[in-house]
Amino acid sequence: MRIRSPSKSKKIIGYFRSLLRMNILALLVFVLIAIASPILAHGKRCRSSTQCNYESVCYEGRCYTIDEMFNKFEAK
């Protein structure tokens, strides 16, 4: 008695299922990065300018560099 190997169509379907799973995982990672990036890039929280790095100021609870403050108020 001879054992049949899976047909080509079943192999192709299995390949597309695994590819779909990888695409969903990649999409999930992309969405998480897209959500986290603005949060992390906004600056650290503060209550006074002494909590910020050198040449940074505390404004509305966030540390901003001088360049960021100029950009925020468009005083170029």
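Quick summary incoming for the structure in this document. Small disclaimer: the values here were computed from a predicted structure and weren't measured.

## Quick word on unusual backbone geometry
One non-glycine residue, Glu55, lies in the positive phi region at around 65°. Tracing the sequence through the fold places Glu55 in the loop between helix H1 (8-41) and strand S1 (56-59). By relative accessible area, Glu55 is classed as exposed at 51%. The phi dihedral of Glu60 is positive, around 55°, even though this residue is not glycine. In this structure, Glu60 sits in the loop between S1 and strand S2 (62-65). For Glu60, a relative accessible area of 61% gives the class exposed.

## Some thoughts on the pairing of S1
Judged from the four bridges that link them, S1 and S2 form a sheet pairing that is antiparallel. Looking across to S2, one finds that Val57 is bridged to Tyr64. Connecting the antiparallel pair S1 and S2 is a turn made up of two residues, with Glu60 showing a positive phi of about 55°.

## Digging into the state of the cysteines
Evaluation of the coordinates by the stated rule reveals two disulfides. Disulfide pairing is shown between Cys52 and Cys63; the S-S distance is 2.1 Å. Because the torsion about its S-S bond is -85°, the bridge between Cys52 and Cys63 counts as left-handed. Taken as a pair, Cys52 in the loop between H1 and S1 and Cys63 in strand S2 lie far apart in primary sequence, eleven residues in all. What makes Cys52 buried here is its relative accessible area of 10%.

## Some details on the packing of aromatic side chains
Under the counting rule described, the total for this entry stands at two aromatic pairs. Relative to Phe73, the ring of Tyr59 has its centre 5.5 Å away and its plane inclined at 80°; by these criteria the two rings are edge-to-face. Highlighted residues: Tyr59 in strand S1 and Phe73 in helix H2 (residues 66-73), separated in sequence by 14 residues. Look at Tyr59 and you get partly exposed, because its relative accessible area is 26%. In this structure an aromatic cluster arises from ring pairing among Tyr59, Tyr64 and Phe73.

About the thresholds
Residue numbers run consecutively from 1 along every chain, following the written order of its sequence. Given that this is a predicted model, residues contribute local features only at a pLDDT of at least 70 and side-chain atom pairs are listed and counted only at 80 or more, while totals for whole chains, interfaces and linings are drawn from all residues. The side-chain numbers reported here are obtained from all heavy atoms of the structure, hydrogens and water having been left aside. Segments assigned H or I by DSSP are reported as helices when at least four residues long, segments assigned E as strands when at least two residues long, and all are numbered from the N terminus. Per-residue accessibility, obtained with a 1.4 Å probe over protein chains only, is compared with the maximum for each type, and a residue is labelled buried under 20%, exposed over 50%, and partly exposed between these values. The rule for pairing is simple: two strands pair if DSSP sees at least two bridges between them. Criterion for a disulfide: a pair of cysteine sulfur atoms within 2.5 Å. Paired rings are identified among Phe, Tyr and Trp, the last through its six-membered ring, by centres lying within 6.5 Å, and are further divided according to the angle between planes into stacked (under 30 degrees), edge-to-face (over 60) and tilted (the rest).

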